[in-house]
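# Survey of secondary and tertiary structure
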Amino acid sequence: RGWGVRASVPVARGTVVVEVRGRMLSDAEYAEVSDTSYIVSYDDATLALKRAAGENELFFDLREQGNVMRLINDCMEAPNLQLVYHPQPDLSQNPPVLPRRAYLVAKHDIPPMVELTWNYGPHYERPWLDAQAGVSHAREEAPPKSRRRSRPSPGKAPAAAVSVRGESREGSGTVGEGSVASGAVS
């Protein structure tokens, strides 16, 4: 499963645990990458909006400039974190306001020492599942790791301490406060 990350303190629902950090890639730069294991994209709908607006910063490349987020493991069944974008799209503005940042936010209260996980999405290769179930879970010919959309409440989220193999780190953000609503972005 990889390294894994656990919180050393309780993490409240809606808490920003970590910001997605890395070099931003365009479609052309992404096409040249042979190993997309540490590349995160916006969800398919947000990618379509960003492409239509002519934006080139579409993928977060965590391979060399990433942070603790790259150590948080995948979980398809019951992830306790979700990817949230900021700011929320506002197509009524000219030019449209589109997300520029992404965060992993607690989906529910998480007790101390529980492994933090998130669903890497439908485009992430999972070859170990192929062998176990005889089913293909390989990446489609589309952008990597698309994520579900989430809408945070405005305000400031409290900091959450996370532990990576015995080291303590602090993460904080200003996206969610107490609750995170899932659903379509309007």
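Look a little higher up for the structure.
Just so you know, these numbers come straight off a predicted model, no measurement behind them. (Residues numbered from 1 in each chain as written. Predicted model: local features only at pLDDT ≥ 70, side-chain atom pairs only at ≥ 80, totals over all residues. Heavy atoms only, no water.)

Within the protein, the regular secondary structure consists of 4 helices and 13 strands. Looking at the 186 residues of the protein, the share that counts as buried comes to 44%. Long-range contacts, defined here as pairs at least 24 residues apart, represent 73% of the contacts in the protein between residues at least 6 apart. (Helix = DSSP H or I, 4+ residues; strand = E, 2+ residues; numbered from the N terminus. Buried < 20%, exposed > 50% of the residue type's maximum accessible area, 1.4 Å probe, protein only. Contact = heavy atoms within 4.5 Å.)

On to the packing of aromatic side chains, then. Within the structure shown, the criterion is met by 5 aromatic pairs. Geometrically, the ring pair formed by W118 and Y120 is tilted, given 5.1 Å between the ring centres and 55° between the ring planes. As far as the burial class goes, W118 and Y120 line up, both buried. A centroid spacing of 4.7 Å and a plane angle of 90° characterise the contact between Y120 and Y124, whose relative ring orientation is edge-to-face. When sorted by exposure, Y120 lands in the same class as Y124, which is buried. These aromatic residues form a ring-pair network of at least three members: Y42, F60 and Y85. Lying across the ring of Y38, R70 places its NZ or CZ 4.1 Å from the centre. (Phe/Tyr/Trp six-rings, centres within 6.5 Å; stacked < 30°, edge-to-face > 60°. Lys NZ or Arg CZ within 6 Å of the ring centre and 35° of its normal.)

Below, the discussion takes up the nonpolar core. If you look at the biggest cluster of nonpolar residues, it comprises 31 residues, and the most contacted ones within it are M69, I72, L81, L83, L104 and W118. Among the secondary structure elements, those contributing two or more residues to this core are strand 2 (16-19), strand 4 (39-41), strand 5 (59-61), strand 7 (81-86) and strand 8 (101-106). Among all residues touching I72, those that are not within four sequence positions of it are V5, V18, L81, L104, L116, T117, W118 and Y120. (Core = buried A, V, L, I, M, F, W, Y, C linked by side-chain atoms within 4.5 Å.)

The complete set of buried residues in helix 2 (residues 44-52) reads T46, L47 and K50. All buried residues of helix 2 lie within an arc of 100° about the axis, which places them on one face of the element. Those residues of helix 2 that are buried are in contact with strand 4 and strand 7. Count one or two residues on from helix 2 and you reach G54, which has phi positive near 80°. (Arc of directions from axis to C-beta.)

Turning our eyes to something else, we now look at the environment of R101. As for its position among the elements, R101 is in strand 8. The spatial distance from the C-alpha of R101 to the C-alpha of F60 is 9.5 Å, given a sequence separation of 41 residues. Not counting residues up to four positions away in its chain, the partners in contact with R101 are E19, Y42, F60, V84, Y85 and H86. Among the polar contacts made by the side chain of R101, one reaches the side chain of E19 at a distance of 2.8 Å. (Polar contact = N/O pair within 3.5 Å; in protein donor to acceptor, adjacent residues only side chain to side chain.)

The sheet built from 3 strands is open, its strands ordered 3-5-4 with antiparallel pairing. Every other strand in the sheet has two partners, leaving strand 3 (23-25) and strand 4 as the edge strands with one partner each. When strand polarity is set aside, the average angle formed by the axes of neighbouring strands in this sheet is 30°. Bridging between strand 3 and strand 5 involves 3 bridges; their strand directions are antiparallel. The partner of L25 across the bridge, within strand 5, is F59. (Pairing = 2+ DSSP bridges. Axes fitted to C-alpha atoms, helices over the stretch in contact; angles between N-to-C directions.)

Applying the stated criterion across every chain yields a total of 7 salt bridges. Note that E55 and K50 form a salt bridge whose closest N and O atoms lie 2.6 Å from each other. In this structure, the salt-bridge partner of D61 is R63, at a minimum N-O distance of 2.6 Å. Given a relative accessible area of 36%, R63 falls into the partly exposed group. A single salt-bridge network, built from bridges that share partners, covers E19, R21 and R101. (Salt bridge = Lys/Arg side-chain N within 4 Å of Asp/Glu carboxyl O.)

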